[in-house]
Amino acid sequence: MEHICAIIIALGLDFVIGDPKWLPHPVRGFGWMIRKCDHALNEGKFRKSKGVITVIVVCGFATVISAAVIFYLYSLHWVIGMLVEALFIFTTIATKSLKEAAVEVKLPLVDKNLGLAREKLSWIVGRDTIHLEESEIVRGVVETVAENTSDGITAPLFFAILGGGPLAVMYRAANTCDSMLGYKNETYREFGWAAAKFDDLLNFVPSRISGILMVVANVALAKQSLKECMKLLFRDASKHPSPNSGWLEAAMASILSVQLGGINYYKGVASNRATMGDPIVTLTVKHIDKANQVMIRTVIACTIFYVLGGMFIESTITWR
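Everything in this summary refers to the structure shown in the same document. (Residues numbered from 1 in each chain as written. Predicted model: local features only at pLDDT ≥ 70, side-chain atom pairs only at ≥ 80, totals over all residues. Heavy atoms only, no water.)

### Describing helix α7 (residues 134-181)
Here's step 1: The end-to-end C-alpha distance of α7, which contains 48 residues, comes to just 31 Å, noticeably less than the 70 Å that a straight helix rising 1.5 Å per residue would cover.
Here's step 2: Helix geometry: α7 is bent most strongly at Gly163, by close to 140°, with proline Pro166 lying one to four residues after it.
Here's step 3: The buried fraction of α7 amounts to 36 of the 48 residues, a majority that puts the element mostly inside the structure. (Helix = DSSP H or I, 4+ residues; strand = E, 2+ residues; numbered from the N terminus. Expected span 1.5 Å × (residues − 1). Bend = angle between axes of the 7 residues up to and from the residue. Buried < 20%, exposed > 50% of the residue type's maximum accessible area, 1.4 Å probe, protein only.)

Encoded structure:
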């Protein structure tokens, strides 16, 4: 029960204070380790094996250190352990930060300042933004909010339910490895293979739970029925290049009755992504706020689902 309380406290902290820059963040430490491994190992032969070692070292270190701290503090007093575990979990989720990042792009769009909106968007997406028009800027924001609803919030909460703070921290370390190494270019095609595959594996279940609950929790906002939204979700989810991100983007598209996907440019090279959803309405600035609403409702729905599932499993084990 302490782990569940820690998760609820962590989520409350994230809703209220987000990710203040003055607070030391484990991701910076993970990033430092990953860069060291990248510089030392990403050369010569056996790059794929060296990439596997990097993921094991970074994720193993994150898990062992967080577990040692949390378990030791629980041994002193359960309240101390619970509060510190909540802090660890808090560092792995980013509800308020994701919402604020989307609003940062929305505000210059409202003022018709496309140049500043493009710049703000470039901070949260990997695609080229310099020539994007308003609808494409909005699409970039909505897709980012959709994808990061799982990656940045509901997936770490899923692992927190499974294994408390240590597994949530492990997930965040793996996700950081993927974000820094999981590129399909000459530099990282082999060295980043393990990071990308491990991240795909970890996100397989939570992305599907999150996509389905996104539709269920937000169907009141949709112009279509639950059945029609679910049909769109299962029709389009597998079209995405990522085996997991499509579940969130397709769910978001079905709820907002918009079409996501299309042509993106990366360093001037076109990437034609499959479309998600049907273009019942045209993307406008108002969809940024709607995407944030969908994200928050999804986080609440997933938290309730995870907590009830965790309580059921805990009560079943106790009963036996």
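### Observations concerning the pairing of strand β2 (residues 269-276)
Here's step 1: Note that strand β1 (residues 260-266) and β2 share 6 bridges and pair antiparallel. Each bridged residue has a counterpart across the sheet, and for Tyr265 the counterpart in β2 is Ala270.
Here's step 2: The loop that links β1 with its antiparallel partner β2 comprises 2 residues; one of these, Lys267, has a positive phi angle of about 55°. (Pairing = 2+ DSSP bridges.)

### Considering a nonpolar patch on the surface
Here's step 1: A surface patch of nonpolar side chains, about 720 Å² in accessible area, is lined by Met1, Phe15, Val16, Ile17, Ile300, Ile304, Leu308 and Met311.
Here's step 2: Elements with a contribution of two residues or more to the nonpolar patch: α1 (2-17) and α11 (286-319).
Here's step 3: Among the elements that make up the nonpolar patch, the one with the highest residue count is α11 (4 residues).
Here's step 4: Positionally, Val16 belongs in helix α1. (Patch = residues over 30% accessible without salt bridge, like charges linked within 9 Å, V, L, I, M, F, W, Y side chains within 5 Å. Areas by Shrake-Rupley, 256 points an atom, 1.4 Å probe, with all protein chains shown as cover. Salt bridge = Lys/Arg side-chain N within 4 Å of Asp/Glu carboxyl O.)

### Topic: the packing of α7 against helix α8 (residues 193-218)
Here's step 1: At a minimum axis separation of 10 Å, α7 and α8 run at an interaxial angle of 110°. Our classification of the angle between α7 and α8 gives roughly perpendicular.
Here's step 2: Its residues placed into classes, the contact of α7 with α8 shows 17 nonpolar, 7 polar and 3 charged. (Axes fitted to C-alpha atoms, helices over the stretch in contact; angles between N-to-C directions. Parallel < 35°, antiparallel > 145°, perpendicular 65-115°, else oblique. Nonpolar A, V, L, I, M, F, W, Y, C, P; charged D, E, K, R; others polar.)

### Observations concerning the side chain of Asp38
Here's step 1: Relative to the elements of secondary structure, Asp38 occurs in helix α2 (residues 26-41).
Here's step 2: It is Arg47 that comes nearest to the buried, bridge-free Asp38 among opposite-charge side chains, at 7.7 Å.
Here's step 3: A distance of 2.6 Å separates polar atoms of two side chains, one belonging to Asp38 and the other to Tyr188.
Here's step 4: The residues touching Asp38, leaving out its near neighbours within four places in the chain, are Leu181, Tyr188 and Phe191. (Lys, Arg positive; Asp, Glu negative; His and termini not counted. Polar contact = N/O pair within 3.5 Å; in protein donor to acceptor, adjacent residues only side chain to side chain. Contact = heavy atoms within 4.5 Å.)

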